[in-house]
Amino acid sequence: GAVVSQHPSWVICKSGTSVKIECRSLDFQATTMFWYRQFPKQSLMLMATSNEGSKATYEQGVEKDKFLINHASLTLSTLTVTSAHPEDSSFYICSAKPTTGRNEKLFFGSGTQLSVL
Amino acid sequence: SQKIEQNSEALNIQEGKTATLTCNYTNYSPAYLQWYRQDPGRGPVFLLLIRENEKEKRKERLKVTFDTTLKQSLFHITASQPADSATYLCALDETGGFKTIFGAGTRLFVKA
């Protein structure tokens, strides 16, 4: 089955530093990838849609300069949390839709737990 | 506005019983609806997709129904097991199928 690898699984960083999270589709190509944020016991909140070779589309209220998204290839999207602060601590999850075939369902990464001290 | 509603209260059932989870939506006309499972600290995993012209779909112990008149989907787990304990999310694509929006999920606890 389709596999999405997300790295790192968890990261602890100091306030003010930047953190990069990678999302790779291992056995399929994904023109579109999605980035979500999830707080404990809450649902997935879509942050942005990442499109290969073009700028990401951000949801309302999500700061694009704060959460930099790059989708340089059909198998890799990255999310960089710039100048992280404690309020950015959360669980970040990526997902991908295969470019070919019936691409209705999403394949998710295992998530990244970010803790900002 | 568009909404997807799932019972936010946790569902506790005894092992062997059937668990039934509900997903209601408003202001959508989805061509299909999806169900995902999420374990704590993990990403969601796709379970089932049901299309608007399908009333029911089954996969092993799972069954999903889709009533476009009631704007509701029911998700059933028969002969439930403790390993079925997780959060179950329903999801719809926005018109045009560009974005998938998730409900808040229902936490299921199956007691041995």
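Attention here is on the structure that accompanies the text.

**Describing the overall build of chain B**
- Helix and strand content of chain B: 0 helices and 11 strands.
- When the helices and strands of chain B are listed from N to C terminus, the series reads β-β-β-β-β-β-β-β-β-β-β.
- For 112 residues, the compact-globule formula gives about 13 Å, and the C-alpha radius of gyration of chain B, at 13 Å, lands near that figure.
- Counting only C-alpha atoms, chain B reaches 45 × 30 × 20 Å along its principal axes.
- Contacts spanning at least 24 positions in sequence make up 54% of the contacts within chain B whose residues lie at least 6 apart.
- When the 15 positive and 12 negative side-chain charges of chain B are each reduced to one mean point, those points stand 2 Å apart.

**Things to note about the environment of T68(B)**
Residues and elements named next belong to chain B.
- Considering the arrangement of structural elements, one finds T68 in the loop between β7 (62–67) and β8 (72–77).
- With relative accessibility at 32%, the residue T68 sits in the partly exposed group.
- Through-space distance from the C-alpha of T68 to that of E54 is 9.8 Å; in sequence the pair is 14 residues apart.
- Dropping the residues within four chain positions of it, T68 is found in contact with Y25 and E52.

**Concerning the interface of chain B and chain A**
- Between chain B and chain A, the residue contacts involve 21 residues of the former and 20 residues of the latter.
- Both sides of the chain B and chain A interface together cover about 1700 Å² of buried area, and 54% of this is carbon and sulfur.
- Measuring nitrogen to oxygen at the nearest pair gives 3.2 Å for the salt bridge that ties K97(A) to D93(B).
- Taken together, the links from chain B to chain A amount to 7 residue pairs in polar contact (both at pLDDT 80 or more).

**A short note on the pattern of salt bridges**
All names here are of chain B.
- Scanning all chains against the criterion turns up 10 salt bridges over all chains.
- As a salt-bridge pair, R37 and D39 come within 3.1 Å of each other at their nearest N and O atoms.
- With relative accessibility at 18%, the residue R37 sits in the buried group.
- Among the salt bridges present, the one from K57 reaches E54, with a minimum N-O distance of 3.7 Å.

**Some words on the sheet that holds strand β1 (residues 4–7) of chain A**
Residues and elements named next belong to chain A.
- Strand order in the open sheet formed by 4 strands is β1-β3-β8-β7, and the pairing between neighbours is antiparallel. The open sheet is flanked by β1 and β7 (67–73), the only strands paired with a single partner. The average undirected angle you get between the axes of adjacent strands in this sheet is 15 degrees.
- Of the pairings in the sheet, the one linking β1 to strand β3 (residues 19–25) comprises 4 bridges and is antiparallel in character. Paired with H7 across the strands is E22, a residue of β3.

**Observations concerning the sheet that holds β7(B)**
Residue and element names in this part refer to chain B.
- One open sheet accounts for 5 strands, arranged β1-β3-β8-β7-β6; its pairing is antiparallel. Two strands bound the open sheet, and with one partner strand each, they are β1 (3–6) and β6 (56–59). For this sheet the average axis-to-axis angle between neighbouring strands, irrespective of direction, equals 15 degrees.
- Here 6 bridges tie β7 to β8, and the two strands are oriented antiparallel to one another. Residue pairing for β8: L62 is matched across the bridge by I77.

**Some points on the nonpolar core**
- Of all hydrophobic cores here, the largest spans 25 residues; its most connected members are V4(A), W35(A), F67(A), L79(A), Y92(A) and L114(A).
- Among the secondary structure elements, those contributing two or more residues to this core are β2 (10–13), β3, β4 (32–38), β5 (45–51), β7, β8 (76–81), β9 (90–97) and β11 (112–116) of chain A.
- The residues touching Y92(A), leaving out its near neighbours within four places in the chain, are Q6(A), I21(A), Y36(A), R37(A), M47(A), F67(A), L79(A), G111(A), T112(A) and L114(A).
- Membership of the second largest hydrophobic core comes to 23 residues, among which are I4(B), A19(B), C90(B) and V110(B).

**Thoughts on the side chain of S90(A)**
All names here are of chain A.
- Looking at where S90 falls in the secondary structure, it is placed in strand β9.
- Take S90: its relative accessible area is 3%, and that puts it in the buried class.
- At 3.1 Å, the side chain of S90 forms a polar contact with the backbone oxygen of Q38.
- If we ignore the near neighbours within four places in the chain, the residues touching S90 are R37, Q38, F39, T112, Q113 and L114.

Cut-offs and rules
Residues numbered from 1 in each chain as written. Chains lettered and ligands numbered in written order. Predicted model: local features only at pLDDT ≥ 70, side-chain atom pairs only at ≥ 80, totals over all residues. Heavy atoms only, no water. Helix = DSSP H or I, 4+ residues; strand = E, 2+ residues; numbered from the N terminus. Rg over C-alpha atoms; globule rule 2.2 N^0.38 Å. Contact = heavy atoms within 4.5 Å. Lys, Arg positive; Asp, Glu negative; His and termini not counted. Charge placed at Lys NZ, Arg CZ, Asp CG, Glu CD. Buried < 20%, exposed > 50% of the residue type's maximum accessible area, 1.4 Å probe, protein only. Buried area = accessible area lost by both parts, 1.4 Å probe. Salt bridge = Lys/Arg side-chain N within 4 Å of Asp/Glu carboxyl O. Polar contact = N/O pair within 3.5 Å; in protein donor to acceptor, adjacent residues only side chain to side chain. Pairing = 2+ DSSP bridges. Axes fitted to C-alpha atoms, helices over the stretch in contact; angles between N-to-C directions. Core = buried A, V, L, I, M, F, W, Y, C linked by side-chain atoms within 4.5 Å.

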